[in-house]
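Here is what each chain is made of, one letter per residue.
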Amino acid sequence: MSQTKVEAPFVANNANFRNLIINGDMKIAQRATSATGIGTANGVYPTVDRMIIEVGNTAGRLTMTQEDVTDLPGFTKATKLACTTADTSIASNEFLMLGHRFEGQNLQHIKKGTSSAEKLTVSFYVKGNASATYTCELRDQDNTRYNNIEFSVTTDWTRVVLTFDGDTTGTLDNDNANSFKCNLFLHGGSDFSGGTHTNNVWHTTSNQRLSDSQSSFFDSTSRTFFVTGWQMEVGDTATDFEHLPHDVQLQRCQRYYFLQADTKYDGGNGMLGTGTCYDTDALYWPCFLPTQMRTAPSLDASTGTNYFISFSNNTSDQFNAPTIWISSPTVAWCYSDSSTTSVVKGHSAMMALNNASAKIAWSAEL
């Protein structure tokens, strides 16, 4: 008896993890829920995980917060930007973007740079203090290619849906580096708007990324911008926002940043681990990371007088800061500074936070 195999069609938008943006519902904020004075440094993650601020050459400053949401059913958190210092004299090279960066190995299925390149649909919910026109940008970081589409903001929550054509030029590197960006362009000078802008066209000309109708987030200290439900998916249709369980979303964020201990979770007494008194003035201890990080992480620890404490040999020693010894994507080692003078070589020790401002975290951000 013959049998015909029937295969169901593959529908990308029905697949799990169809949202390529991590933490698009803005629920995870390991670093902080509020950060002020943003605008002096480019490429920083001040608050909400995976939401990067790219800014340059402006006197404008802003506050970024993880905001509670009560007026948008299905969502409880949003990222809020609030202008605190205006900049109405816009130099040609000024810019401000809220963005998300992608590893190239996570986007191979969009087939970029081939004749089968997939369309991408980006959707998000936005509102502000007043009407505005901003620009959503897809940027191929490996090949310096752009595609930009304008969108409108009002004082009420609205869902923006933008479909970008597939790009048949420029393949993405198949690795764990920063290959692709999705940016919300909120402020830019003539270096970005001096050319002829056309929506939904892949190009390489930087001054065609914004149009003359682009608003400036820094035009007034009254300016605010809220965003949540940020989704990027394969295809030309926006599906409902993909809500993931909190623990799953946290683990995805921890690939890039892992908050091991701080007062936010531990009340100022978070345990850092158990280690060895390698010598009379040095303690070494491991941190086993909860998930494999993107690359060997760097140490992000607070520094201050007696911020940390060790317990060994029936006594305790306070010390100012841990120092990274070695790290890999799965485990990292720290050692204490030389202020731990009471330890006994060969003994074991426990390390903990000792100050309300102390924290220790690990970063492998793009």
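Here the structure is a predicted model, which is why all the values come from computation and not from measurement.

Quick notes on the rules
Residues numbered from 1 in each chain as written. Predicted model: local features only at pLDDT ≥ 70, side-chain atom pairs only at ≥ 80, totals over all residues. Heavy atoms only, no water. Core = buried A, V, L, I, M, F, W, Y, C linked by side-chain atoms within 4.5 Å. Buried < 20%, exposed > 50% of the residue type's maximum accessible area, 1.4 Å probe, protein only. Helix = DSSP H or I, 4+ residues; strand = E, 2+ residues; numbered from the N terminus. Contact = heavy atoms within 4.5 Å. Polar contact = N/O pair within 3.5 Å; in protein donor to acceptor, adjacent residues only side chain to side chain. 1 Å grid on protein atoms, 1.4 Å probe; cavity = no way out; pocket = protein on both sides within 12 Å on 5 of 7 lines; lining within 4 Å. Points joined across faces, edges and corners; volume = space filled by probe spheres on them. Pairing = 2+ DSSP bridges. Axes fitted to C-alpha atoms, helices over the stretch in contact; angles between N-to-C directions. Salt bridge = Lys/Arg side-chain N within 4 Å of Asp/Glu carboxyl O. Arc of directions from axis to C-beta. Nonpolar A, V, L, I, M, F, W, Y, C, P; charged D, E, K, R; others polar.

Engineer: Outline the nonpolar core, listing residues and values.
Structural biologist: Ranked by size, the top nonpolar core spans 45 residues in total, and within it Phe124, Phe151, Phe217, Phe225, Trp230 and Met232 carry the most contacts. Ranked by the residues each element gives to this core, the list is headed by strand β11 (residues 224-234), at five residues. Setting aside its immediate chain neighbours within four residues, Met232 contacts Arg18, Asn19, Leu20, Ile21, Phe102, Leu107, Leu120, Thr121, Val122, Leu138, Phe180 and Cys182. The next biggest cluster of nonpolar side chains, apart from the first, holds 22 residues, and it includes Cys287, Tyr307, Ala332 and Leu353.

Engineer: An account of the side chain of Lys112 is requested, with residue identities and associated values reported.
Structural biologist: By the element assignment, Lys112 lies in the loop between β5 (95-103) and β6 (120-128). Take Lys112: its relative accessible area is 6%, and that puts it in the buried class. Within the structure, Lys112 has its side chain in polar contact with the side chain of Asp167 (distance 2.7 Å). Reaching out from Lys112, the side chain makes a polar contact with the backbone oxygen of Thr169 at a distance of 2.8 Å. Other than its neighbours up to four places away in sequence, Lys112 contacts Ala117, Asp140, Asn143, Arg145, Asp167, Thr169, Gly170, Thr171, Leu172, Phe180 and Trp202.

Engineer: Quick rundown of empty space enclosed by the protein? Include the residues and the values.
Structural biologist: Across all of its chains, the model carries one cavity of 30 Å³ or more by this definition. Taken as a whole, the largest cavity holds about 60 Å³ of empty space. For the largest cavity, the full set of lining residues is Ile110, Lys112, Ala117, Glu118, Leu120, Leu138, Phe164, Asp165, Gly166, Asp167, Phe180 and Trp202.

Engineer: Explain the side chain of Thr228 residue by residue, including any values.
Structural biologist: Of note, Thr228 is situated in strand β11. Polar contacts involving the side chain of Thr228 include one to the main-chain carbonyl oxygen of Lys77, which spans 2.8 Å. Discounting chain neighbours no more than four positions away, the residues touching Thr228 are Gly24, Asp25, Met26, Leu72, Phe75, Lys77, Ala78, Phe124, Tyr125 and Trp157.

Engineer: Give me the lowdown on the sheet that holds strand β4 (residues 77-85), citing residues and values where you can.
Structural biologist: Spatial ordering of the open sheet is given by β1-β3-β4-β11-β6-β9, a layout of six strands whose pairing is antiparallel. Since the sheet does not close on itself, it has two edges, and those belong to β1 (34-38) and β9 (158-164), each with one partner. On average, each strand axis in the sheet is inclined to that of its neighbour by 25°, with strand direction left out of account. Pairing between β6 and β9: seven bridges, direction antiparallel. Across the sheet, the residue bridging to Tyr125 is Arg159, located in β9.

Engineer: Explain the pattern of salt bridges to me, and be specific about the residues and the numbers.
Structural biologist: Close approach of charged atoms lets side chains of opposite charge pair. Here the structure, examined in full by the defined rule, presents 15 salt bridges. In this structure, the salt-bridge partner of Lys112 is Asp140, at a minimum N-O distance of 2.6 Å. Placement of the pair is Lys112 in the loop between β5 and β6 and Asp140 in strand β7 (residues 132-140), with a sequence separation of 28 residues. Asp167 is the salt-bridge partner of Arg145, the closest N and O atoms lying 2.8 Å from each other. Of this pair, Arg145 sits in strand β8 (residues 145-153) while Asp167 sits in the loop between β9 and β10 (178-188); the two residues are 22 residues apart in sequence, bridging distant segments of the chain. In this structure, Arg145 and Asp167 share a single accessibility class: buried.

Engineer: Please provide a residue-by-residue account of the sheet that holds strand β2 (residues 52-56), values included.
Structural biologist: Strand order in the open sheet formed by five strands is β2-β5-β10-β7-β8, with antiparallel pairing between adjacent strands. Here the strands that pair on one side only, and so sit at the sheet edges, are β2 and β8. Going across the sheet, the axis of each strand differs from the next one's by a mean of 25°, ignoring polarity. As paired elements, β2 and β5 share five bridges and run antiparallel to each other. Looking at β5, one finds that Glu54 is bridged to Met97.

Engineer: Pulling in residues and values, what's your account of helix α2 (residues 246-254)?
Structural biologist: All of the buried residues along α2 are Gln249, Cys253 and Gln254. Viewed end-on, α2 has its buried residues packed into an arc of 140°, placing them on one side of the element. Tucked inside the fold, the buried residues of α2 contact β12 (257-262).

Engineer: I'd like a rundown of the layout of surface pockets, residues and numbers included.
Structural biologist: Rolling a probe over the atoms, with the probe sized like a water molecule, indicates the empty space that remains. Each pocket or cavity is described by its volume, and for the second largest pocket that value is around 160 Å³. Lining the second largest pocket are 14 residues; nearest its centre among them are Leu20, Ile22, Asn106, Arg252 and Tyr256. A class-by-class count of the residues in the lining of the second largest pocket yields six nonpolar, four polar and four charged.

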